[in-house]
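What follows is each chain in one-letter form.
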Amino acid sequence: NEMDACIMEGKTLKAGAIAGVQHIKNPVSLARKVMEDSEHVLLMGEGAVQFAKEMKMAMEPDSYFFVEQRFNQLKQAKDSNTIILDHTAPVPDEKKFGTVGAVALDVHGNIAAATSTGGMTNKRWGRVGDSPVIGAGTYANNATCGISCTGHGEFFLRAVVAYDISCLME
Ligand code: ASP
């Protein structure tokens, strides 16, 4: 399981993101640590995991992330040589658990946006989607809006969708 996550604060335009991490129990909390406790915006892979350890973030073994239904979905995707979304048919789960997006607005007009995902099913090793890329899958600006995208990430990346929506609002 390789996970991507991102968080952005619309008041300050501060952001934090992590890409391709394993074993992190709460990826979006690590993204927030990157925003609040590092000099960086985006950390990836082993470096992000090392940062998580330094920040004493909760870690879990592979078994924690194992979901039989998703494993079966991966097998189906491999067999048909396709790359699919976690909520793509033929998954028999109509509740569509998977990528999580959140946008919040407080009483002072502060907007925040966050996205957390396992990416696409049967993605290539090392593939990073739109979710942790500021302006592609996630964006927040108090002057305009908060955005968290879900769907086929390569399209959001190419079109810089989240930032484009903010620009249109502006
Ligand atoms: N946008 C995510 C990605 O491409 C997937 C999703 O939204 O389910 O990684």
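Residues numbered from 1 in each chain as written. Predicted model: local features only at pLDDT ≥ 70, side-chain atom pairs only at ≥ 80, totals over all residues. Heavy atoms only, no water.

A.B. asks: Can you walk me through the overall build of the protein chain in this structure?
C.D. replies: When you go through the protein chain residue by residue, the secondary structure sums to five helices and seven strands. Mapped in sequence order, the helices and strands of the protein chain form the string β-β-α-β-α-α-β-β-β-β-α-α. The globule rule puts the C-alpha radius of gyration for 170 residues at 15 Å, and the 16 Å found for the protein chain is close to it. Taken over the C-alpha atoms alone, the protein chain extends approximately 50 × 40 × 25 Å along its principal axes. Across the 170 residues of the protein chain, 41% fall into the buried class. Long-range pairs, those at least 24 residues apart, make up 58% of the contacts in the protein chain between residues at least 6 apart in sequence. For the protein chain, the exposed area adds up to about 9,900 Å²; of that, 55% sits on carbon and sulfur atoms. Put simply, the protein chain has 16 plus and 20 minus side-chain charges, and the middle of one group is 3 Å from the middle of the other. (Helix = DSSP H or I, 4+ residues; strand = E, 2+ residues; numbered from the N terminus. Rg over C-alpha atoms; globule rule 2.2 N^0.38 Å. Buried < 20%, exposed > 50% of the residue type's maximum accessible area, 1.4 Å probe, protein only. Contact = heavy atoms within 4.5 Å. Areas by Shrake-Rupley, 256 points an atom, 1.4 Å probe, with all protein chains shown as cover. Lys, Arg positive; Asp, Glu negative; His and termini not counted. Charge placed at Lys NZ, Arg CZ, Asp CG, Glu CD.)

A.B. asks: Got a minute to help me understand the side chain of Ser166 in this structure?
C.D. replies: For Ser166, the location among the structural elements is in helix α5 (residues 161–169). For Ser166, a relative accessible area of 1% gives the class buried. The contact partners of Ser166, leaving out residues within four places of it in the chain, are Tyr139, Asn141, Thr144 and Cys145.

A.B. asks: What's the story with the site of the ligand in this structure? I'm lost.
C.D. replies: Near the ligand the following residues occur: Leu85, Thr99, Thr117, Gly119, Met120, Arg127, Gly129, Asp130, Ser131, Thr150, Gly151 and Gly153. Within the side chain of Arg127, a nitrogen or oxygen atom sits 2.8 Å from an oxygen atom of the ligand. Between the ligand and the protein, one listed contact pairs a nitrogen atom with a side-chain N or O atom of Asp130 at 2.7 Å. Burial of the ligand by the protein chains amounts to 100% of its free accessible area of 270 Å². Its atoms largely coinciding with the cavity grid, the ligand occupies the largest cavity. A breakdown of the residues in the shell around the ligand according to their chemical character gives two nonpolar, eight polar and two charged. (Near = heavy atom within 4 Å. Polar contact = N/O pair within 3.5 Å; in protein donor to acceptor, adjacent residues only side chain to side chain. 1 Å grid on protein atoms, 1.4 Å probe; cavity = no way out; pocket = protein on both sides within 12 Å on 5 of 7 lines; lining within 4 Å. Sits in = over half its atoms within 2 Å of the grid points. Nonpolar A, V, L, I, M, F, W, Y, C, P; charged D, E, K, R; others polar.)

A.B. asks: Sorry if this is basic, but what is going on with the sheet that holds strand β3 (residues 42–44) here?
C.D. replies: Two strands in a sheet stick together by hydrogen bonds in their backbones, pointing the same way (parallel) or opposite ways (antiparallel). Spatial ordering of the open sheet is given by β3-β2-β1-β5-β4, a layout of five strands whose pairing is mixed. If you trace the sheet from one side to the other, it starts and ends with β3 and β4 (100–105), each paired once. Along the sheet, successive strands turn relative to each other by an average axial angle of 5°, direction set aside. Summarising the sheet, strand β1 (residues 3–9) and strand β2 (residues 15–21) pair through five bridges and their orientation is antiparallel. Residue pairing in the sheet places Ala5 in a bridge with Ile18 of β2. (Pairing = 2+ DSSP bridges. Axes fitted to C-alpha atoms, helices over the stretch in contact; angles between N-to-C directions.)

A.B. asks: Would you mind going over the pairing of β4 with me for this structure?
C.D. replies: Regular strands place their side chains on alternate faces of the sheet. Relative to strand β5 (residues 111–117), β4 is paired through six bridges, and the arrangement is antiparallel. Its bridge partner being in β5, Val103 is matched across the sheet by Ala113. Linking two consecutive strands that pair antiparallel, namely β4 and β5, is a turn of five residues; a positive phi of about 85° is found at Gly109 within it.

A.B. asks: Would you take a moment to explain the packing of aromatic side chains for this structure?
C.D. replies: Aromatic ring pairs are defined here through the distance separating the ring centres and the angle between the ring planes. Across all of its chains, the model carries three aromatic pairs by this definition. Ring geometry for Phe66 against Phe71: centres 5.4 Å apart, planes inclined by 50°, an arrangement best described as tilted. Aromatic side chains Tyr139 and Tyr163 sit 5.2 Å apart centroid to centroid with 75° between the ring planes, which places their arrangement in the edge-to-face category. Residue Tyr139 is found in strand β6 (residues 138–140), and its partner Tyr163 is found in helix α5; the two are separated by 24 residues along the sequence. Judged by its relative accessible area of 39%, Tyr163 falls in the partly exposed class. (Phe/Tyr/Trp six-rings, centres within 6.5 Å; stacked < 30°, edge-to-face > 60°.)

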